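Report on the structure
These are the residues of each chain, in order.
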Amino acid sequence: MIAMVLGTAVGAFMGQDAAMFAILGDIFINAVKMLVVPIVALSIIAGAANLGSTPSAGKISIGTFGFFLGTSTLAVLFSIALCDIFQPGIGLDLTGVKGMFSNEYADKGGVPGVAATIVGMIPTNIFQSLTSSNIIQILVFCLFFGVALSKVDQQRAKPLLDGLNTLIDALVWMINKVMCIAPIGVFGLMANAIGNFGFDLLENVMLLFAVYAGAIIIYGLVFFPILVHFFSNISGKEFLNVMKKPQAVALSTSSSMATLPVTMETCENELKVSKATSSFVLPLGATINMSGTAIYYGCVAVFFAQVFGVDLDASAYMAIILASTLGAIGQAGVPGPTFLVVAVLMSSGIPIEGLPLLFALDRLFDMLRTALNITGDAACAVIMEKYHPKCAQEYADKSVQLNT
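Treat the numbers as computed from the prediction; the structure is a model and nothing was measured. (Residues numbered from 1 in each chain as written. Predicted model: local features only at pLDDT ≥ 70, side-chain atom pairs only at ≥ 80, totals over all residues. Heavy atoms only, no water.)

A closer look at the side chain of Ser72
Heads up, the rule is: Each helix is a run of DSSP H or I of at least 4 residues and each strand a run of E of at least 2, with the numbering of both proceeding from the N terminus. A simple rule labels every residue: compare its accessible area, found with a 1.4 Å probe on the protein chains alone, to the largest value its type can have, and call it buried under 20%, exposed over 50%, or partly exposed in between. Distance and chemistry together define a polar contact, namely a pair of N or O atoms within 3.5 Å, with one atom able to donate a hydrogen and the other to accept it when in protein, and with adjacent residues in sequence counting only for side-chain atoms on both sides.
Along the chain, the position of Ser72 falls in helix H3 (residues 59-86). What makes Ser72 buried here is its relative accessible area of 2%. For Ser72, the side chain forms a polar contact with the main-chain oxygen of Phe68, separated by 2.9 Å.

Take a look at the structure:
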């Protein structure tokens with residue numbers, strides 16, 4: 001936040017001469033690009049392997065994953081629709097900009113049709129997909145490979161899974177180190193942006209935040225309570241009243257994982273969800289259920305497409321929806337900028353050069369999306385409790401046996 005204010009002041013004072021600070025933003029951007037492909041690939045493989053290793057959960061596993069996948073997909077669609085209606089990225093004059101923004105994708109040739117996009121999702125050479133940063137193909141292969149790992153003998157797969165988790169921990173360490181220079185990068189990008197655009201850019205960013213906040217509020221205060229009201233044993237009003245405590249914790253910590261104990265306590269003690277159901281649904285939800293993150297991905301993708309004049313057709317929207325949904329599953333439930341939004345932008349050919357401008361405000365974005373994420377986790381738990389209580393108990397019994 002301090003870097004954003006300083007960069008804004010320097011940009012306003014120096015004008016276009018502030019482009020000299022663009023190199024600071026370029027370094028930060030390249031560091032993010034360096035990490036995005038490996039963290040996406042390994043997160044999706046590990047997440048799919050963990051999910052696929054719970055066949056004893058039976059119907060509750062299918063129902064829970066279906067709920068998370070369905071609500072995240074609808075969240076992306078809803079956010080895209082709102083941004084298409086309110087167009088927060090329209091109105092910026094990009095003429096003559098040389099610094100942090102790039103039009104390299106704006107004049108791209110025709111985008112493949114829907115059928116070609118579906119076929120193109122399946123990689124013929126995964127190593128080529130990795131080197132060319134074809135995020136959609138990477139997501140599809142890693143999801144398939146992760147499920148496959150869960151189906152082989154677990155004693156043989158365990159060393160590989162442990163190695164994957166070790167690599168993910170190492171990449172998280174690298175991300176934390178990159179974030180140490182985030183204020184420097186944000187300063188350079190803000191100084192350059194304000195010097196070229198003036199304060200019109202900040203007006204557009206605040207409009208994006210307003211659209212995003214509206215989507216979060218509607219989804220959390222209307223959509224999830226309606227689902228709970230019609231598909232569980234409690235009313236939507238009661239659900240909202242009870243969820244105030246975990247939502248407050250989520251707003252303050254911006255972490256689904258940190259909020260997990262409070263969410264479990266609330267579901268078990270106040271929403272009368274069995275320990276068997278909560279112990280399965282909520283930890284899984286804190287890992288892969290990211291409706292708020294999916295809304296963020298959709299809003300940011302359409303926003304920067306509008307800023308850079310990228311014409312999104314059906315196939316581009318499909319790429320955004322798929323990458324946002326699967327990317328949200330791979331997003332860790334911890335606070336900090338959502339680096340996987342880079343994958344969403346890259347999947348549909350949208351420039352990522354302006355993304356760090358949003359990192360300065362990411363805490364505000366993160367607070368809201370985390371509150372929605374844990375609300376979705378709790379909604380899933382109370383719904384699964386009604387329809388699959390027996391399956392949840394069987395899963396809990398099996399888990400005790402495995403732990404023993």
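Concerning the pattern of salt bridges
Threshold: Salt bridge, as used here: a side-chain nitrogen of Lys or Arg that lies within 4 Å of a carboxyl oxygen of Asp or Glu.
Summed over all chains, the structure comprises two salt bridges. Note that Lys158 is salt-bridged to Asp162, the shortest N-O span being 2.9 Å. Of the two residues, Lys158 and Asp162 both sit in helix H7 (residues 154-180), four residues apart, roughly one turn of that helix. The exposure class of Lys158 is partly exposed, given its relative accessible area of 49%. Under the relative-accessibility criterion, Asp162 is labelled partly exposed at 36%. One salt bridge connects Arg369 with Asp366, and the closest N-O pair in it is separated by 3.2 Å. Separated by three residues within a single helix, Arg369 and Asp366 lie in helix H18 (residues 362-387), roughly one turn from each other. Per residue, the accessibility class of Arg369 equals that of Asp366, and both read buried.

Keep in mind these values describe shape, not function.
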